[in-house]
Amino acid sequence: MAVSITRRPTPRLTLKGRSILTTGEFTREELSEILDLAIQYKTLGHGRPLRGKSIALVFFNPSLRTRASMEIAIHQLGGHAVMLDVGKGTWTLEYREGVVMDGDRSEHLKEAARVLSRYVAAIGVRSFPALRSFEEERKDPILRSFARYSSVPIINMESAMSHPLQALADVMTIRETFGLVDQRQVVLCWTYHPKPLPMAVPNSFALIAAQFGMNLTIACPPEYELDPELMDMVRAHAHRNGGLVRVLHDRHEACRGTEIIYAKSWGSRHYYGRWEEEQAVRKQYRDWIVDEALMRATHRGYFMHCLPVRRNVVVTDAVLDSERSLVIQQAENRLHVQKALLAMLL
Ligand code: CP
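The model shown is predicted, which means the values in this text are computed figures rather than measured ones.

Turning to the side chain of Thr 298, a few remarks are in order. By the element assignment, Thr 298 lies in the loop between α11 (292-296) and β11 (302-304). Classification of Thr 298 by relative accessible area gives buried; the value is 9%. Each residue touching Thr 298, except ones within four places of it in the same chain, is listed here: Cys 255, Gly 257, Thr 258 and Ile 261.

Pasting the structure below:
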């Protein structure tokens, strides 16, 4: 547990009152400031900047890391976390505008967000996609609805399309491992998984890698390319920050000489909401696993994953348990970046 120190780290920039929906709303300087403070908190400790403040953490979906690290971060900074599990101890929530609420949802987000804003200093929201309609879910309707109706900062704890807290912890881990992040050779590698998973982590990792000027390769089968609009944004950030972006469909070629393999599975936008059809396509790619042979192709590469991960499906035991695996450090850094972010937003 972090300890308080006499001379407390203080950030140079203020982000007071801001929400974090994606890292794209923040400049590289602001993101670097969050990471600087996170590293100071991790190494030097911190005070209690959230003393007297309550923060609501609203979960529509399960979590291990986000739930534990957010609650602990708030506690260690002197604040109080109000944990709300939607539909389990709180009312089920409607987010669509203008609907007749005669179904199974009891309360509208319009009221819930405004009521919580009268109680708490910030609201964290976790809301995964239903994986039914890409056109609807790519707009992150639940998260955006909270942002629209709340009068306090909203913290995205993983939405349909973004996971900025994970992305910040990932860059912190790369910085700790290599010192510099610019021009790091990184492969975001799609892997097989028996179910279609959301695109939040790959979207956010691609975006932040470009914001920090990394040389990013996305390795995925042709059916699994990310949203073209997101990719335009990623390429624009990479261009501005001196990084490169490429998409390859051959993972062996992609991983040759790389310094990091960031593994993640995600669903296909082409088959979004049509799992029966996607299943047949996906089965062709069962061999998309990160194993020792793939790691040997790298330049003494490290393995990263946001967790949870399916052993011997996404990555082999040998790679996950090796000294080149950064997954536990990534998970620990969630705690430190969230503390830094909470202190700066509040
Ligand atoms: N990486 C991550 O967000 O983990 P959880 O889903 O367990 O919170």
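You can read the domains of the chain as domain 1 (23-162 + 332-345) and domain 2 (166-327). Placing a centre on the C-alpha atoms of domain 1 and another on those of domain 2 gives a separation of 25 Å. Each partner contributes residues to the interface: domain 1 has 29 residues there, and domain 2 has 30 residues. Here domain 1 and domain 2 share an interface that buries about 2,700 Å² over both sides, 60% of which is from carbon and sulfur atoms. Across the contact surface, domain 1 and domain 2 share five salt bridges. Contributions of two or more residues to the side of domain 1 that touches domain 2 are made by α1 (28-44), α4 (134-137) and α13 (327-345). When residues of the side of domain 1 that touches domain 2 are assigned to their parent elements, the largest contribution, nine residues, is made by α1. Split by residue class, the side of domain 1 that touches domain 2 holds 12 nonpolar, eight polar and nine charged.

What follows covers the site of the ligand. With respect to spatial proximity, the complete set of residues near the ligand consists of Ser 63, Leu 64, Arg 65, Thr 66, Arg 126, His 163, Gln 166, Cys 306, Leu 307 and Arg 334. Leu 64 is positioned with one of its backbone polar atoms (N or O) 2.7 Å from an oxygen atom of the ligand. Contact between the ligand and His 163: an oxygen atom at 2.8 Å from a side-chain N or O atom of the residue. Bound to the protein, the ligand loses 93% of the 250 Å² it would expose on its own. Classifying every residue of the shell around the ligand by side-chain character gives three nonpolar, four polar and three charged.

Take the nonpolar core next. Leu 216, Ile 218, Trp 266, Val 290, Phe 303 and Leu 342 are the most contacted members of the largest nonpolar core, which totals 92 residues. With eight residues, α13 is the largest single contributor of residues to this core. Both domain 1 (23-162 + 332-345) and domain 2 (166-327) contribute no fewer than three residues apiece to this core. Leave out the neighbours within four places in its chain, and Trp 266 touches Leu 188, Trp 190, Leu 197, Pro 198, Met 199, Pro 202, Ile 218, Cys 220, Tyr 224, Leu 226 and Arg 282. Listed in part, the 20 residues of the second largest apolar core include Leu 21, Leu 84, Val 120 and Ile 123.

The subject of this paragraph is the sheet that holds strand β1 (residues 54-59). Strand order in this open sheet of four strands is β2-β1-β5-β6, and the pairing throughout is parallel. The outermost strands of the open sheet, each flanked by one partner alone, are β2 (80-85) and β6 (154-156). Sheet twist, expressed as the mean angle between neighbouring strand axes with direction ignored, is 20 degrees.

The next subject is the packing of aromatic side chains. Counted according to the given criterion, the structure contains nine aromatic pairs. Arranged with centres 6.1 Å apart and planes meeting at 85 degrees, the rings of Trp 190 and Tyr 285 form a pair that is edge-to-face. Taken together, the residues span a long stretch of sequence, with Trp 190 in strand β7 (residues 185-190) and Tyr 285 in the loop between α10 (275-283) and α11 at a distance of 95 residues. The class for Trp 190 is buried, based on a relative accessible area of 0%. With a centroid separation of 5.9 Å and an interplanar angle of 75 degrees, the aromatic rings of Trp 190 and Trp 288 are classed as edge-to-face. Highlighted residues: Trp 190 in strand β7 and Trp 288 in the loop between α10 and α11, separated in sequence by 98 residues. Grouping residues by exposure puts Trp 190 and Trp 288 together as buried. Geometry around Trp 288 places Arg 251 over its ring, the cationic atom sitting 5.6 Å from the centre.

Quick notes on the rules
- Residues numbered from 1 in each chain as written.
- Predicted model: local features only at pLDDT ≥ 70, side-chain atom pairs only at ≥ 80, totals over all residues.
- Heavy atoms only, no water.
- Helix = DSSP H or I, 4+ residues; strand = E, 2+ residues; numbered from the N terminus.
- Buried < 20%, exposed > 50% of the residue type's maximum accessible area, 1.4 Å probe, protein only.
- Contact = heavy atoms within 4.5 Å.
- Domains from an automatic or database assignment.
- Buried area = accessible area lost by both parts, 1.4 Å probe.
- Salt bridge = Lys/Arg side-chain N within 4 Å of Asp/Glu carboxyl O.
- Nonpolar A, V, L, I, M, F, W, Y, C, P; charged D, E, K, R; others polar.
- Near = heavy atom within 4 Å.
- Polar contact = N/O pair within 3.5 Å; in protein donor to acceptor, adjacent residues only side chain to side chain.
- Areas by Shrake-Rupley, 256 points an atom, 1.4 Å probe, with all protein chains shown as cover.
- Core = buried A, V, L, I, M, F, W, Y, C linked by side-chain atoms within 4.5 Å.
- Pairing = 2+ DSSP bridges.
- Axes fitted to C-alpha atoms, helices over the stretch in contact; angles between N-to-C directions.
- Phe/Tyr/Trp six-rings, centres within 6.5 Å; stacked < 30°, edge-to-face > 60°.
- Lys NZ or Arg CZ within 6 Å of the ring centre and 35° of its normal.

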